[in-house]
Amino acid sequence: MLDVQDETAVMRTAPVPQLWTRDTALALYHLPFNDLLFRAQSVHRQHFDPNRVQLSKLLNIKTGGCPEDCGYCSQSSHHSTGLAASKLMDVADVVAQAREARDGGATRYCMGAAWRNPKPRDMDAIVEMVTEVKALGLETCMTLGMLDRDQAECLSEAGLDYYNHNIDTSEAYYPNVVSTRTFSDRLQTLDHVRRSGMKVCCGGILGMGESEADRVDMLVTLANLAEPPESVPINMLIPIAGTPLADSKRIDPLAFVRVIALARLMMPTSFVRLSAGRSAMSDEMQALCFFAGANSIFVGDTLLTAGNPEAVADRDLFDRLGLQAL
Ligand code: SAM
Ligand code: DTB
Ligand code: SF4
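Residues numbered from 1 in each chain as written. Chains lettered and ligands numbered in written order. Predicted model: local features only at pLDDT ≥ 70, side-chain atom pairs only at ≥ 80, totals over all residues. Heavy atoms only, no water.

Just give me the short version of the overall build of the protein, but keep the residues and values in it.
Secondary structure summary: the protein contains 11 helices and 10 strands in total. Since a compact globule built from 326 residues should have a radius of gyration of about 20 Å, the 19 Å found for the protein is in line with a globular shape. Counting only C-alpha atoms, the protein reaches 55 × 50 × 40 Å along its principal axes. When burial is assessed residue by residue, the protein has 53% of its 326 residues classed as buried. Sequence separation of at least 24 residues holds for 74% of the intrachain contacts in the protein that already meet a minimum separation of 6. (Helix = DSSP H or I, 4+ residues; strand = E, 2+ residues; numbered from the N terminus. Rg over C-alpha atoms; globule rule 2.2 N^0.38 Å. Buried < 20%, exposed > 50% of the residue type's maximum accessible area, 1.4 Å probe, protein only. Contact = heavy atoms within 4.5 Å.)

Laid out in structure tokens, this is it:
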């Protein structure tokens, strides 16, 4: 039983339950640009230091040959992208690269595998990677495809901090992007991750031919989860030759910034990560994204298979904007 003082403390800190609808979210999205950004920056400052950005580093621990047919992905075996498939990396090599990333300033290490789901035979090595990377003092994140309840429990017990599993777009647009799984498959894995006690990293991709309503619906789905994801990666499609989405129309950079601002307003306490696609963004576009509330990026010149800005370019941008690593 809480006494009165505890009760007020809980009321003050408990999140206000708010169910978002497409219309309320679209109304924010369509505010004049300056009003939207001012609101997003104001909310951002209530929860975060506006001049600090969290740095994550990615490593592809198993490349290519994936049985899923995600229309954006270089690693799907359904598309001819010229990418050579590899086996799961050795634990020692993963740890060596994680150490380098830590020494370069990253605080979170994200390990990705081009799988539909991990196989039982992979789990021992995966658990060892989590344990050893954590022992370096890094936060750990993995993205290995779908997880069943037991696999989520196993990763959680190993100490994995975050699991990344993106919904990528709206439920309505999902079949235009991937046919080998459903939107509800995605939500089910997210539910297993949440129940296991791990933090959720979930976002999507902009610039795959989706409508404004699809972008907003994606954020509505994320913000209306029982608990919104702690980390929300917003990727700009990197067009990969040989994939079905390679010729998608590029998103208007200002529309991209609007989505970042909306994510900040709808999920005020989550880290919003300016993810894939930074190499094709101007410094000014990235600056606007940080102003709109983005406060996490991937560092290092490779993401999983595609390019990312060089460390010197990011250092220069941070210096010019007066930003610091978190
Ligand atoms: N196989 C795992 C899965 O999809 O669950 C994890 C790896 S997957 C490459 C991780 C995420 O990267 C995808 O969900 C997608 O949002 C993003 N991504 C992949 N290819 C991309 C591209 N070409 N451009 C932008 N984002 C991309
Ligand atoms: C996320 O949302 N973006 C990252 C991470 N989660 C795993 C991956 C971006 C991949 C970009 C394309 C590539 O490198 O192949
Ligand atoms: Fe496989 Fe993930 Fe690429 Fe989809 S995004 S094809 S699941 S590696």
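Now, about the nonpolar core: what can you tell me, with residues and values included?
Of all hydrophobic cores here, the largest spans 92 residues; its most connected members are Leu219 and Phe256. Considering every element that reaches this core, the biggest residue donor is helix H9 (residues 253-266), with 10 residues. Discounting chain neighbours no more than four positions away, the residues touching Phe256 are Leu206, Ile234, Asn235, Met236, Ile251, Leu274, Met281, Met285 and Cys289. Among the nonpolar cores identified, the runner-up in size contains eight residues, and Leu58, Cys110, Cys201 and Phe298 belong to it. (Core = buried A, V, L, I, M, F, W, Y, C linked by side-chain atoms within 4.5 Å.)

Talk me through the environment of Met236; I want residue IDs and the actual numbers.
You can see Met236 is positioned in strand E7 (residues 231-236). Met236 sits in the buried class, given a relative accessible area of 4%. Sequence separation between Met236 and Arg250 is 14 residues, and the spatial gap between their C-alpha atoms is 8.8 Å. Sequence-distant contacts of Met236, that is, excluding residues within four places in its chain, are made with Ile205, Leu206, Arg250, Ile251, Phe256, Ala276, Gly277, Ala280, Met281 and Met285.

Help me get a handle on a negative patch on the surface, residues and values and all.
Taken together, the side chains of Asp148, Asp150, Glu153 and Glu157 define an acidic patch exposed on the protein surface. Tracing the chain through its elements places Glu157 in helix H6 (residues 149-158). (Patch = residues over 30% accessible without salt bridge, like charges linked within 9 Å, V, L, I, M, F, W, Y side chains within 5 Å. Areas by Shrake-Rupley, 256 points an atom, 1.4 Å probe, with all protein chains shown as cover. Salt bridge = Lys/Arg side-chain N within 4 Å of Asp/Glu carboxyl O. Lys, Arg positive; Asp, Glu negative; His and termini not counted. Charge placed at Lys NZ, Arg CZ, Asp CG, Glu CD.)

Now, about the site of ligand 1: what can you tell me, with residues and values included?
The local shell around ligand 1 holds 17 residues, among which Thr143, Asn166, Asp168, Arg186 and Ile238 are the closest. In the model, a nitrogen atom of ligand 1 is placed 3.1 Å from a nitrogen or oxygen of the Tyr72 main chain. The contact in question runs from a nitrogen atom of ligand 1 to an N or O atom on the backbone of Ala113, over 3.3 Å. The fraction of the free accessible surface of ligand 1 (560 Å²) that becomes covered by protein chains is 89%. Each residue belonging to the shell around ligand 1 can be placed in one class, and the counts come to 10 nonpolar, five polar and two charged. (Near = heavy atom within 4 Å. Polar contact = N/O pair within 3.5 Å; in protein donor to acceptor, adjacent residues only side chain to side chain. Nonpolar A, V, L, I, M, F, W, Y, C, P; charged D, E, K, R; others polar.)

Break down the side chain of Glu68 for me, with residues and values.
Looking at where Glu68 falls in the secondary structure, it is placed in the loop between strand E1 (52-62) and helix H4 (91-103). In this structure the side chain of Glu68 is engaged in a polar contact, spanning 3.1 Å, whose partner is the side chain of Arg116. Those residues in contact with Glu68 that lie beyond four places of it in its chain are Ser76, Ser77, His78, Arg116, Met146, Thr180 and Arg181.

Let's hear about the packing of aromatic side chains: which residues, and what values?
Tallied over the entire structure, the rule returns three aromatic pairs. Seen in terms of ring centroids, Phe290 and Phe318 are 6.1 Å apart; in terms of plane orientation they differ by 85°. Their pairing is edge-to-face. In this pair, Phe290 is assigned in helix H10 (residues 283-292) and Phe318 in helix H11 (residues 311-321), connecting sequence segments 28 residues apart. Taking the relative accessible area as the measure of exposure, Phe290 reaches 6% and is therefore buried. The lysine or arginine in question, Arg108, covers the ring of Tyr162, its NZ or CZ lying 3.8 Å from the ring centre. Taking NZ or CZ as reference, Arg258 lies 6.0 Å from the ring centre of Tyr29, over its face. (Phe/Tyr/Trp six-rings, centres within 6.5 Å; stacked < 30°, edge-to-face > 60°. Lys NZ or Arg CZ within 6 Å of the ring centre and 35° of its normal.)

Kindly report on the site of ligand 2, identifying the contributing residues and their values.
Around ligand 2 sit 13 residues, and of these Asn166, Asn235, Leu304, Thr305 and Ala306 come closest. Within the side chain of Asn235, one N or O atom sits 2.8 Å away from an oxygen atom of ligand 2. A distance of 2.5 Å separates an oxygen atom of ligand 2 from a polar atom in the side chain of Thr305. Taking 400 Å² as the accessible area of ligand 2 by itself, protein coverage stands at 87%. Grouping the amino acids of the shell around ligand 2 by side-chain chemistry returns seven nonpolar, six polar and no charged.

How would you summarise the packing of helix H3 (residues 33-47) against H9 if you had to cite specific residues and measurements?
Following both chains from N to C, one finds H3 and H9 inclined at 40°, their axes separated by 9 Å at the closest point. The two elements H3 and H9 meet at a crossing, and its hand is left-handed. Contacts between H3 and H9 involve Phe33, Leu36, Leu37, Arg39, Ala40, Val43 and His44 on the former and, on the latter, Leu254, Val257, Arg258, Ala261, Arg264 and Leu265. Across the contact of H3 with H9, the residue classes break down as nine nonpolar, one polar and three charged. (Axes fitted to C-alpha atoms, helices over the stretch in contact; angles between N-to-C directions. Left-handed = near helix turned anticlockwise from the far one by under 90°.)

A description of the state of the cysteines should follow, citing residues and the corresponding values.
Overall, the coordinates contain zero disulfides when judged by the stated rule. Distance from the sulfur of Cys110, which forms no disulfide, to the nearest cysteine sulfur (Cys141) is 4.1 Å. The buried category is assigned to Cys110, whose relative accessible area is 3%. (Disulfide = S-S within 2.5 Å.)

None of the figures reported here should be taken as evidence of function without further support.
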